[in-house]
Every structure is written in structure tokens, then in C-alpha cells.
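Report on the structure
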Amino acid sequence: MDPGRSRTHRGETDVTKRVLIVDDEPNVVGVLREFFARFQHGHASDVVSAYSAVEALDILLQEQFDLIVLDMGLPRIGGLDLLKRIRHLGVNAPVLVMTGGRQEAEARLAGAVGYLHKPFNLRDLDRSVALALGSRAIGG
């Protein structure tokens, strides 16, 4: 298993939710990985990390996810452009966006289901993830 992947199993369940984290900041990716390792909503998490928009698009062309957690402040191809490209590819997985800026309206118009302001607290993240995963049974 490569360093960008981890399987986390909590409780006794067969259901595994696949999560793609897209953020260029290793510290944020680490916090999110730790969060999903402890996330306890009746399922395991299979977490994949991408550190750029290009890497995320390559992964999305090959794999399906139940949730995408996306930083809006990515270099080169920004998070908003990546979100639009994700939807253009036909990926229907719910997307939670994170930013320190003010792009909530644009992100929601482009198809984001949730919005977290950086720095976010884990309670808000937990609530947003639970709502996003509860709204879809299978990713796209």
C-alpha cells in the first residue's frame, strides 16, 4: 500500500467509505487522515491523498470515491477550477471544500455540498462529513 493510502477500520462493519483528500499542505492532510482514522459513524474509511489538482484528476480518472475533501487554495489549478473539472468528468461524489477565503457561494454553485473555513474545528468537520456521507450511498 503506498504512503498516500490508508485503511482505517472502526467497529464491526462491512461498509467502507472511500475518501479523497486534496490539499497541498501535508499538515492539513495529516490532520484529516487522523480525523478519518477516528471517525465513528458505522463505517470504515479508505483514505487516499492528492497534493495537487493534477494528481487528484489522475486519481479520479481511475477510482471512485464516496467523499472528496478539497482545499480551495491549491496552487496552479485552484480548488474552484478543480471542482468544476471534477463535475465535468461526471464525478458525483459529494465534495466538502475548505478555505481560508470567501468562495462559499461559488463553490456551492460548482457543486460543493459543504464548506469549511480554515482553520476548522473537528466538530464542524465531523458534522459536515456525516451529512455528506449520509446523503449518498455510493460515490461517483
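Structure first, text after, so check above.
Residues numbered from 1 in each chain as written. Predicted model: local features only at pLDDT ≥ 70, side-chain atom pairs only at ≥ 80, totals over all residues. Heavy atoms only, no water.

1. Quick notes on the environment of Asn92
The cut-off we apply is this: Helix and strand labels come from DSSP, where a helix needs a run of H or I of at least four residues and a strand needs a run of E of at least two; each type is numbered from the N terminus.
For Asn92, the location among the structural elements is in the loop between α3 (79-88) and β5 (95-99). Residues Asn92 and Gln64, 28 residues apart in the sequence, show an inter-C-alpha distance of 9.4 Å.

2. Here's the deal with unusual backbone geometry
Phi is mostly negative for residues that are not glycine, and the peptide bonds are mostly trans. Between Lys118 and the following residue, Pro119, the backbone shows a cis peptide bond with an omega angle of -5°. Here Pro119 shows up in the loop between β6 (114-117) and α5 (122-134). Positive phi outside glycine occurs at Arg76, with the angle close to 60°. Relative to the helices and strands, Arg76 resides in the loop between β4 (67-71) and α3.

3. As for the pairing of β5
Here is the rule we go by: Remark: exposure states derive from per-residue accessible area (1.4 Å probe, protein chains only) relative to the maximum for the residue type, with buried under 20%, exposed over 50%, and partly exposed in between. Crossovers are described as right-handed under a simple rule: with the strands pointing away from the observer, the path leading from the first strand over the helix to the second runs clockwise. Paired strands, as defined in this entry, are two strands with at least two bridges between them according to DSSP.
Within β5, five of the five residues are buried, which leaves the element mostly enclosed by the surrounding structure. By the alternation rule, side chains of β5 split into Val95, Val97 and Thr99 and Leu96 and Met98, which are all buried. As for the winding sense of the linkage, the β-α-β connection from β4 through α3 to β5 is right-handed. Two strands pair when backbone bridges link them, and β5 and β6 are joined in this way by four bridges, in the parallel orientation.

4. Points about the environment of Val113
Inspection of the secondary structure assignment puts Val113 in the loop between α4 (104-109) and β6. On the basis of relative accessible area, Val113 is assigned to the partly exposed category, the value being 41%. Separated by 19 residues in the primary sequence, Val113 and Ala132 have C-alpha atoms spaced 6.8 Å apart.

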